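# Fold and geometry: a report
The primary structure of each chain is shown beneath.
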Amino acid sequence: MGDRSHFPNSTTTPLNVYIQGQGFPILCLHGHPGSGSSLSVFTNHLSKRFQTIAPDLRGYGKSRFDGNFDMSDHLTDLEVLLDRFQIQKCLVLGWSLGGILAMELALRLPERVTGLILVATAARPRGNHPPVNWQDNLYTGIASVVNWIKPGWEWNIETFGKRSLFRYLIQQHTTTSYSYIAKDAVSAYLQTSAAATRALYTAIKAGYNRLTDLKQIQCPTLVLAGAQDRHITADASLETARHLGDCQWQCYANTAHLFPWEIPDRVLSDIDFWLEAHPQIVNSQ
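Residues numbered from 1 in each chain as written. Predicted model: local features only at pLDDT ≥ 70, side-chain atom pairs only at ≥ 80, totals over all residues. Heavy atoms only, no water.

## A look at the packing of helix α4 (residues 134-149) against helix α7 (residues 175-190)
Rule in force here: The convention used is that axes are lines fitted to C-alpha atoms, helices contributing only their stretch in contact, and that angles between N-to-C directions extend from 0 to 180 degrees. For helices the rule is a DSSP run of H or I covering at least 4 residues; for strands it is a run of E covering at least 2, with both sets numbered from the N terminus onward. Throughout, the term roughly parallel applies to angles under 35 degrees, roughly antiparallel to angles over 145, roughly perpendicular to angles from 65 to 115, and oblique to all others. Contacts are residue-level and defined by heavy atoms, with any inter-residue pair within 4.5 Å sufficient. The classification used treats Ala, Val, Leu, Ile, Met, Phe, Trp, Tyr, Cys and Pro as nonpolar, Asp, Glu, Lys and Arg as charged, and all other residues, Gly among them, as polar.
At a closest axis distance of 9 Å, the pairing of α4 and α7 adopts a crossing angle of 100 degrees. Judged by the inter-axis angle, α4 sits roughly perpendicular to α7. The residues of α7 that touch α4, namely those facing S144, N147 and W148, are Y178, I181, A182 and V186. Looking at the contact of α4 with α7, its residues break down into five nonpolar, two polar and no charged.

## Details of the pairing of strand β2 (residues 25-29)
The line we're drawing: Each residue is placed in one exposure class: buried if its accessible area under a 1.4 Å probe, protein chains only, is under 20% of its type's maximum, exposed if it is over 50%, and partly exposed if it falls in between. Here, any two strands with at least 2 DSSP bridges between them count as paired. Handedness rule for crossovers: strands pointing away from the viewer, path from the first strand over the helix to the second running clockwise, crossover right-handed.
Burial analysis of β2 places five of its five residues in the buried class, which makes it a mostly covered element. Of the two faces of β2, the one holding P25, L27 and L29 and the one holding I26 and C28 are both buried throughout. Note: β2 against strand β3 (residues 51-55), three bridges, orientation parallel. Note on β3: the bridge partner recorded for I26 is T52. Handedness of the crossover is the feature at issue here: the chain leaves β2, passes through helix α1 (residues 40-46), returns alongside β3, and the resulting connection is right-handed. Bridging between β2 and strand β4 (residues 90-95) involves four bridges; their strand directions are parallel. In the strand pairing of β4, C28 is matched with L93.

## Some thoughts on α4
At 3.6 residues per turn, the α-helix brings residues three or four places apart onto the same side. The test is simple: Each helix should span, by expectation, one fewer than its residue count multiplied by 1.5 Å. The definition of a polar contact used here is a pair of N or O atoms within 3.5 Å, where within protein one atom must be able to donate a hydrogen and the other to accept one, and adjacent residues in sequence count solely through side-chain atom pairs.
Compared with the 22 Å implied by 1.5 Å per residue over 16 residues, the 23 Å span of α4 between its first and last C-alpha is a close match. When we look at burial in α4, the residues that qualify are D136, Y139, T140, A143, S144, V146 and N147. The N-cap residue of α4 is N133: its side-chain oxygen and the backbone nitrogen of Q135 are 3.0 Å apart.

## Here we look at the environment of H74
Along the chain, H74 falls in helix α2 (residues 71-84). According to the relative accessible area criterion, H74 is buried, its value standing at 1%. C-alpha separation for the pair H74 and R58, spaced 16 residues apart in sequence, amounts to 6.4 Å.

## Concerning the layout of surface pockets
We count it as follows: Here a cavity denotes a set of grid points, spaced 1 Å apart and computed over the protein atoms alone, in which a 1.4 Å probe fits but from which it cannot get out, and a pocket denotes an open set meeting protein on both sides within 12 Å along at least five of seven lines; residues with an atom within 4 Å of a point are reported as lining. Grid points are joined across faces, edges and corners, and a volume is the space filled by probe spheres set on the points.
In this structure, the largest pocket encloses a volume near 1400 Å³. If you trace the largest pocket, you find 47 residues lining it, with H32, P33, L169, Y201 and H231 closest to the centre. Elements with a contribution of two residues or more to the lining of the largest pocket: α2, α3 (97-108), α4, α6 (166-169), α7 and α8 (194-205). Among the elements that make up the lining of the largest pocket, the one with the highest residue count is α7 (seven residues).

## Observations concerning the pattern of salt bridges
For the record, the criterion: We define a salt bridge as a side-chain nitrogen of Lys or Arg found within 4 Å of a carboxyl oxygen belonging to Asp or Glu.
Within the structure shown, the criterion is met by 13 salt bridges. Here R126 and E239 are joined by a salt bridge, their closest N and O atoms 2.8 Å apart. Here R126, found in the loop between β5 (113-119) and α4, pairs with E239, found in helix α9 (residues 234-243); they are 113 residues apart in sequence, far enough to count as distant. Members of the salt-bridge network, linked through shared partners, are R58, D73 and D77.

## Focus: α7
Spanning 16 residues, α7 covers 22 Å between terminal C-alpha atoms, matching the ideal 22 Å at 1.5 Å per step. Residues of α7 that are buried include every one of S177, Y178, Y180, I181, A182, D184, V186 and A188, and no others.

## With respect to the packing of α2 against α3
To be explicit about the condition: What makes a crossing left-handed is the near helix being turned counterclockwise from the far one by less than a right angle; a clockwise turn instead makes it right-handed.
Contact pair α2 / α3: the axes reach a minimum separation of 10 Å and the direction vectors enclose 65 degrees. Crossing geometry of α2 relative to α3 is assigned as right-handed. Between α2, through M71, S72, H74, L75, T76, L78 and E79, and α3, the contact on the second element is made entirely by L97, L101, E104, L105 and R108. Here the contact of α2 with α3 is built from residues that sort into six nonpolar, three polar and three charged.

## Quick notes on the side chain of H173
Following the sequence through the fold, H173 ends up in the loop between α6 and α7. A distance of 2.9 Å separates the side chain of H173 from the side chain of Y178, its partner in a polar contact. Excluding its chain neighbours within four sequence positions, the residues that come into contact with H173 are I157, G161, K162, F166, R167 and Y178.

## Side note on the confidence of the model for the protein chain
When pLDDT is low, close inspection of the predicted coordinates is not appropriate. Applicable threshold: Per-residue confidence from the prediction method is given by pLDDT, with values spanning 0 to 100.
Across the protein chain, pLDDT averages 91, with 95% of residues at or above 70. Low confidence marks residues 1-10, where pLDDT is under 50. Its contacts with residues over four positions away, or in another chain, come to 23 contacts.

Listed below in structure tokens is the structure:
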């Protein structure tokens, strides 16, 4: 389902939204690059019991925006989106950049956010990605195109995938992970605007750090990380978990930044278990 109706407030952007299922609302926020549809690993599962709302953030996917903007504009868009669908309370799931926005939303709207699921993210994000050379980019381009044409092809994985930048995004080079990359990553990458990239890197360059403010977040939180994540390290995610009050932490061995696509069954099972242990999160009125 897409919602492109124009919001009356000129400072907001009408976000394209993918809505699935019925029940308590779960707002699902993608990373960079990304789109609402790239969260299908979560929404297809969670929408069997809940209503999942996965917007394309401003400058991503089909939520086009002309001109520069700040990271705070994402929060304004999301608050208007909640009002648009008359959502008074929701659980927020965020992956990477989406997790940062989820924490910001909980700080901004504490009475509306009942819980947080933070995936491969941190309130003081730090990475240890090695320098990228021309061969990395060449192999990544070839691997992406071939994988898009023939998802999960073992020859492509062995010949190009494992020698491309995918080796830093995933650790388990399986048909499953490459199928998700083909279905949900390539189109999202191509639809990510330069303005969105500028907004993110401007915030990072400014030294984004919200650790000291996390004590204000009182809702239950689940923090999930990949042990070999090079984009936002597991240590950075653990640091965030330690600054949150009611928090459960889980780190998955032999996985990286895209670990929900590497071990989807394990991740979804852990999310289900956490939700069952905190029924108040999805029963709030």
